[in-house]
Amino acid sequence: PFLKHRIDGILGTDFLSRYVVEFDYDRGRVVLRQPGAFDGKGLPPAVRVTTRGNVLLAPASLRLADGTSLPSRLLVDTGSNQGLTLTSPCVRRHRLIERFPSRRATASAGIGGIGTASLGTLSSLSIGDAHFHQPDAALSRETTGLHASESFDGILGADLLRHFTVVVDYPGRRIFLRPATRR
């Protein structure tokens with residue numbers, strides 16, 4: 001009911017990690033390729049990623065409204081309908097709620113239930129050559145679960161990723177973000 005469309009199943013990292021996977025949000029399709037049949041030609045420069053357990057972590061740079069730049073590690077969640085959520089440890093460490101008070105809020109629903117967060121606007125978010133101008137960021141206050149993880153600084157979901165065709169080379173531990181043909 002939250003997503004407003006039917007879900008027939010979930011392809012998890014245990015399955016996807018064997019392939020090079022193209023997430024084409026514009027066309028609503030996922031293409032799997034054997035790693036040996038992929039060379040990355042014609043794509044923007046790759047962004048090296050790391051894995052921790054079954055999650056993909058990408059290096060990113062967050063530029064705050066006051067000009068401060070924060071190097072960050074973002075969990076890339078191609079199946080999440082959220083945009084960007086900064087984890088509560090990141091929010092506390094950088095005092096984001098105190099520094100950037102907001103009257104806006106957002107709610108998210110997931111396996112762990114429903115959560116709410118203050119909503120702030122960053123100056124920019126950069127991952128490799130991909131840039132997002134003034135993206136909103138949910139500032140988590142959660143005390144448990146993914147949004148309270150110390151293992152990464154935030155979660156990047158499909159609401160921002162949909163501006164790109166995302167190619168994840170799981171075996172090669174890299175991602176490519178090609179701007180979508182329509183926005």
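As shown above, the structure is provided for reference.
As the structure is a prediction and not an experimental result, all values here were calculated from the model. (Residues numbered from 1 in each chain as written. Predicted model: local features only at pLDDT ≥ 70, side-chain atom pairs only at ≥ 80, totals over all residues. Heavy atoms only, no water.)

## A closer look at the overall build of the chain
Right, on to step 1. When helices and strands are counted, the chain shows four helices and 15 strands.
Right, on to step 2. The 183 residues of the chain split such that 43% are buried.
Right, on to step 3. For the chain, the share of sequence-separated contacts (at least 6 apart) that also reach a separation of at least 24 residues comes to 61%.
Right, on to step 4. Of the accessible surface of the chain, which amounts to about 10,500 Å², a share of 50% is contributed by carbon and sulfur atoms. (Helix = DSSP H or I, 4+ residues; strand = E, 2+ residues; numbered from the N terminus. Buried < 20%, exposed > 50% of the residue type's maximum accessible area, 1.4 Å probe, protein only. Contact = heavy atoms within 4.5 Å. Areas by Shrake-Rupley, 256 points an atom, 1.4 Å probe, with all protein chains shown as cover.)

## Here we look at the pattern of salt bridges
Right, on to step 1. Tallied over the full model, the rule gives nine salt bridges.
Right, on to step 2. Here Arg 174 and Asp 169 are joined by a salt bridge, their closest N and O atoms 2.7 Å apart. Accessibility assignment for this pair places Arg 174 and Asp 169 in one class, buried.
Right, on to step 3. One salt-bridge network, held together by shared partners, links Glu 22, Arg 33 and Arg 178. (Salt bridge = Lys/Arg side-chain N within 4 Å of Asp/Glu carboxyl O.)

## Some remarks on the packing of aromatic side chains
Right, on to step 1. In total, this model carries three aromatic pairs according to the counting rule given.
Right, on to step 2. Ring plane angle 70 degrees and centroid distance 5.6 Å describe the contact between Phe 38 and Phe 176, whose orientation is recorded as edge-to-face. In this pair, Phe 38 is assigned in the loop between strand 2 (29-33) and strand 3 (47-48) and Phe 176 in strand 15 (residues 174-179), connecting sequence segments 138 residues apart. Pair check on accessibility: Phe 38 and Phe 176 agree, each one buried.
Right, on to step 3. Both rings, one in Phe 132 and one in Phe 164, keep their centres 5.4 Å apart while their planes meet at 70 degrees; by these two values the pair is edge-to-face. Note that Phe 132 is positioned in strand 11 (residues 130-133) and Phe 164 in strand 14 (residues 164-169), a separation of 32 residues in sequence.
Right, on to step 4. Residue classification places Phe 164 among the buried positions, given a relative accessible area of 4%. (Phe/Tyr/Trp six-rings, centres within 6.5 Å; stacked < 30°, edge-to-face > 60°.)

## Quick word on a nonpolar patch on the surface
Right, on to step 1. On the surface, a nonpolar cluster with roughly 240 Å² of combined accessible area is contributed by Leu 11, Val 30 and Leu 32.
Right, on to step 2. Among the structural elements, Leu 32 can be located in strand 2.
Right, on to step 3. Accessibility expressed as a relative area gives 35% for Leu 32, which makes it partly exposed. (Patch = residues over 30% accessible without salt bridge, like charges linked within 9 Å, V, L, I, M, F, W, Y side chains within 5 Å.)

## Some thoughts on the nonpolar core
As a rule of thumb, nonpolar side chains are buried together in soluble globular proteins.
Right, on to step 1. Within the largest apolar cluster, 34 residues are counted, with the highest numbers of intra-cluster contacts made by Leu 84, Leu 86, Leu 125, Ile 127 and Ile 175.
Right, on to step 2. Among the elements that line this core, the one with the most residues is strand 5 (residues 55-63), at four residues.
Right, on to step 3. Filtering out sequence-adjacent residues up to four positions away, Leu 86 remains in contact with Leu 62, Val 91, Leu 96, Ala 137, Ala 138, Leu 139, Ser 140, Asp 153 and Gly 154. (Core = buried A, V, L, I, M, F, W, Y, C linked by side-chain atoms within 4.5 Å.)

## Considering unusual backbone geometry
Only a minority of non-glycine residues have a phi that is not negative, and only a minority of peptide bonds are not trans.
Right, on to step 1. Residue Arg 95 is not a glycine yet carries a positive backbone phi of 50 degrees.
Right, on to step 2. Using a relative accessible area of 49% as the deciding quantity, one classes Arg 95 as partly exposed.
Right, on to step 3. With phi around 50 degrees, Gln 134 is a residue other than glycine that occupies positive phi space.
Right, on to step 4. Tracing the backbone shows Gln 134 in the loop between strand 11 and strand 12 (136-140).
Right, on to step 5. Residue class for Gln 134 comes out partly exposed when judged on its relative accessible area of 48%.

The analysis is restricted to geometry; functional conclusions fall outside its scope.
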